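Read off the chains here:
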Amino acid sequence: MTKILITGSKGQLGTEIKELSAKFSNLQFFFTDIEELDISSLDAISNYLKDKQISYIVNCAAYTNVDQAEENEDAARLINADAVKNLATAASQNNITLIHISTDYVFSGDNSTPYTEDQKAKPMGVYGRTKFEGEENVRSTCKKHIIIRTSWLYSPFGKNFLKTMLRLGKEKDSLGVVSDQIGTPTYAHDLASAIIRIIESIDKNSKFNDFGTYHYSNEGVCSWYDFATEIQNTSKNKCKINSIESMDFQCLAKRPHYSVLNKSKIKHIFTIEIPHWRSRIEHCIKRITE
Ligand SMILES: NC(=O)C1=CN([C@@H]2O[C@H](COP(=O)(O)OP(=O)(O)OC[C@H]3O[C@@H](n4cnc5c(N)ncnc54)[C@H](OP(=O)(O)O)[C@@H]3O)[C@@H](O)[C@H]2O)C=CC1
Ligand SMILES: Cc1cn([C@H]2C[C@H](O)[C@@H](COP(=O)(O)OP(=O)(O)O[C@H]3O[C@@H](C)C(=O)[C@@H](O)[C@H]3O)O2)c(=O)[nH]c1=O
């Protein structure tokens, strides 16, 4: 039986993998979060792995508060970069394939066409910078790795833009949302399915050698304003969404104006079909409200 360790499993993505895991009787999952396995300790990781014969680690742990990271750079770096180095070291020492999740915020936003995996990263803020350092730590330390950059994750769990919009949509009559940041929302449930598919593909192919970096988001392109409008329409909230510019929204971190990811590589190598972002909002809202 293929054994998979999930770190940071109480977050959005980890919880979605857990929800899906029951359908895969050929895979044995070990779900951990910081209380059971703090990935900032290499000793803790090495001890955890002892005698378990883990073949894959999926790292869902991260420091994801983009604004707070601006004032807590050390804390963000500890989890997003240093702890990732620990995981990569332990994975390499134990011949484990490390699947690590990164972000569209590694890009500056200067593009006007979707970013490919080989384009230069140039993060705008601390979160993106520490996530990119984490990527580089994986590349330099663990040959058998898959880095998946994704964007604008949402789910019924944890904190995310969709849940914020549902809450504010009930509390307010109108809301300003930025329309000059363009990207693609990603339903964490879809990303979780893609990750399991990737593991199964690698597992079936003893000659697999396409390790490296991949992009995954839902299909399509939108602004946060478009995303918010679609959320309000789907949830039938009466709150009016007004289009504003980034400079009119007070926050600590700069975000890229354009961070759409080109997904050709992941679709081609792993034969993955990706749903359009607009088609997934209803599914998520139903799970929240039912
Ligand atoms: N959320 C988004 O919009 C996006 C996320 N990503 C990336 O996707 C991945 C998953 O994100 P998401 O599910 O939203 O993240 P969440 O913030 O929902 O979950 C992260 C989890 O990691 C845990 N954690 C924090 N520190 C440690 C530690 N030292 N050891 C073990 N676990 C720890 C957190 O625990 P606690 O809550 O107690 O701190 C939390 O449960 C991350 O790598 C993120 O950078 C990429 C693009 C978009
Ligand atoms: C709540 C709110 C946000 N905004 C803006 C602020 C920001 O520019 C944009 C998104 O806001 P949020 O702070 O919810 O999202 P943010 O934390 O920037 O989301 C990011 O999280 C990290 C973890 C990632 O990796 C990214 O892919 C991305 O998903 O919307 C408004 O314009 N109006 C609002 O009422």
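Computed from a predicted model, the values in this text were never measured in an experiment. (Residues numbered from 1 in each chain as written. Chains lettered and ligands numbered in written order. Predicted model: local features only at pLDDT ≥ 70, side-chain atom pairs only at ≥ 80, totals over all residues. Heavy atoms only, no water.)

Asks: Help me understand the site of ligand 1, please; the structure alone is not making it clear to me.
Replies: Near ligand 1, the surroundings consist of 24 residues, among which L13, D33, T64, Y127 and K131 are the closest. Within the contact set of ligand 1, an oxygen atom lies 2.7 Å away from a side-chain nitrogen or oxygen of T64. Y127 places a side-chain nitrogen or oxygen 2.7 Å from an oxygen atom of ligand 1. Contact with the protein chains hides 80% of the accessible area of ligand 1, taken as 910 Å² for the molecule alone. Elements supplying a minimum of two residues to the shell around ligand 1: helix 1 (12–21), strand 4 (97–103) and helix 5 (126–141). At three residues, the largest contribution of residues to the shell around ligand 1 is made by strand 4. A class-by-class count of the residues in the shell around ligand 1 yields 12 nonpolar, eight polar and four charged. (Near = heavy atom within 4 Å. Polar contact = N/O pair within 3.5 Å; in protein donor to acceptor, adjacent residues only side chain to side chain. Areas by Shrake-Rupley, 256 points an atom, 1.4 Å probe, with all protein chains shown as cover. Helix = DSSP H or I, 4+ residues; strand = E, 2+ residues; numbered from the N terminus. Nonpolar A, V, L, I, M, F, W, Y, C, P; charged D, E, K, R; others polar.)

Asks: Looking at this model, I keep getting lost on the site of ligand 2. Mind explaining?
Replies: Looking at ligand 2, there are 18 residues lining it, with T103, D104, Y105, Y127 and R255 nearest. Contacts to ligand 2 include Y127, whose side-chain N or O atom sits 2.8 Å from an oxygen atom. Within the side chain of Q181, an N or O atom sits 3.0 Å from an oxygen atom of ligand 2. Elements supplying a minimum of two residues to the shell around ligand 2: helix 6 (161–171) and strand 7 (174–178).

Asks: Which parts of the structure should I look at to understand the pattern of salt bridges?
Replies: Opposite charge on two side chains lets them pair, provided their charged atoms get close. What the rule picks out here adds up to 15 salt bridges. Put simply, E136 and R139 hold a salt bridge, and the shortest N to O gap is 2.8 Å. Of this pair, E136 and R139 are both found in helix 5, three residues apart, which corresponds to roughly one turn of the helix. On the basis of relative accessibility, which here comes to 30%, the residue R139 falls in the partly exposed class. Notably, a salt bridge pairs E230 with R278, separated by 2.6 Å at the nearest N-O pair. You can see E230 sitting in helix 8 (residues 224–235) and its partner R278 sitting in the loop between helix 9 (264–270) and helix 10 (281–289), a full 48 residues away along the chain. Classification of E230 by relative accessible area gives buried; the value is 17%. Note on R278: relative accessible area 43%, which makes it partly exposed. (Salt bridge = Lys/Arg side-chain N within 4 Å of Asp/Glu carboxyl O. Buried < 20%, exposed > 50% of the residue type's maximum accessible area, 1.4 Å probe, protein only.)

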